[in-house]
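These are the residues of each chain, in order.
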Amino acid sequence: MKKDFQIPSAEGMCVAIVADKDADGKKIWSVGLFNERPEAVFNVIINASGSGFIKGKEKQTAKVRFLIDELQPGEFKPFEILVRDSIELTNTYWITFFSGNDLCDKKIQVPPKYVMLQKRERIGHTNKVGVVAR
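Residues numbered from 1 in each chain as written. Predicted model: local features only at pLDDT ≥ 70, side-chain atom pairs only at ≥ 80, totals over all residues. Heavy atoms only, no water.

## A short note on the pattern of salt bridges
Between side chains of opposite charge, pairing is possible as soon as their charged atoms come close. Applying the stated rule across the entire model yields six salt bridges. Note that E75 and K77 form a salt bridge whose closest N and O atoms lie 4.0 Å from each other. Residue E75 is classed as partly exposed on the basis of its relative accessible area, which comes to 25%. We note a salt bridge from E88 to K113, for which the minimum N-O separation is 3.8 Å. Placement of E88 in the loop between β6 (76–82) and β7 (90–99) and of K113 in the loop between β8 (102–110) and α1 (114–117) is noted, with a sequence separation of 25 residues between them. Residue classification places K113 among the partly exposed residues on the basis of a relative accessible area of 39%. Here the salt bridges share partners, and the residues they tie into one network are E36, E121 and R134. (Salt bridge = Lys/Arg side-chain N within 4 Å of Asp/Glu carboxyl O. Buried < 20%, exposed > 50% of the residue type's maximum accessible area, 1.4 Å probe, protein only. Helix = DSSP H or I, 4+ residues; strand = E, 2+ residues; numbered from the N terminus.)

Given below as structure tokens:
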């Protein structure tokens, strides 16, 4: 019976983390969604959470939900600021969205210190450079 269902692909939706500056000029990390798909996606819901160890103590962040109404192909939209300590955690993003009439779902995990260890790349049609978790 399971073979009768076609599960739509959620490939092409990525979490990108880019270096930015806040209003005071301090360096921050913006986390956003990056659409590598050939079509726009709609009603994107992101469930974000983090867990792991900081200085030997187990930590868990609150579960936070974000909504992006529409994301065009090649578009990047930031949805949260990554707090400095959160870089030490495994950050998990459940992404649910509509592509046409299909409801798609994808889980992306960003391991600890991913921002520091990965090669930077240009993010879509922006002039921003950051790391991408696919």
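Once the structure has been displayed, the description carries forward.
## Observations regarding the nonpolar core
Judged by nonpolar contacts, the single largest core of 27 residues is most densely connected at L33, I46 and Y93. Of the residues forming this core, the biggest block, four residues, is contributed by strand β3 (residues 41–54). Beyond its immediate chain neighbours, meaning those up to four positions away, Y93 contacts V15, V31, I46, N47, A48, F79, E80, L82, K106, K107, I108 and V110. C14, A16, F76 and V132 belong to the second largest nonpolar core, which has seven residues in total. (Core = buried A, V, L, I, M, F, W, Y, C linked by side-chain atoms within 4.5 Å. Contact = heavy atoms within 4.5 Å.)

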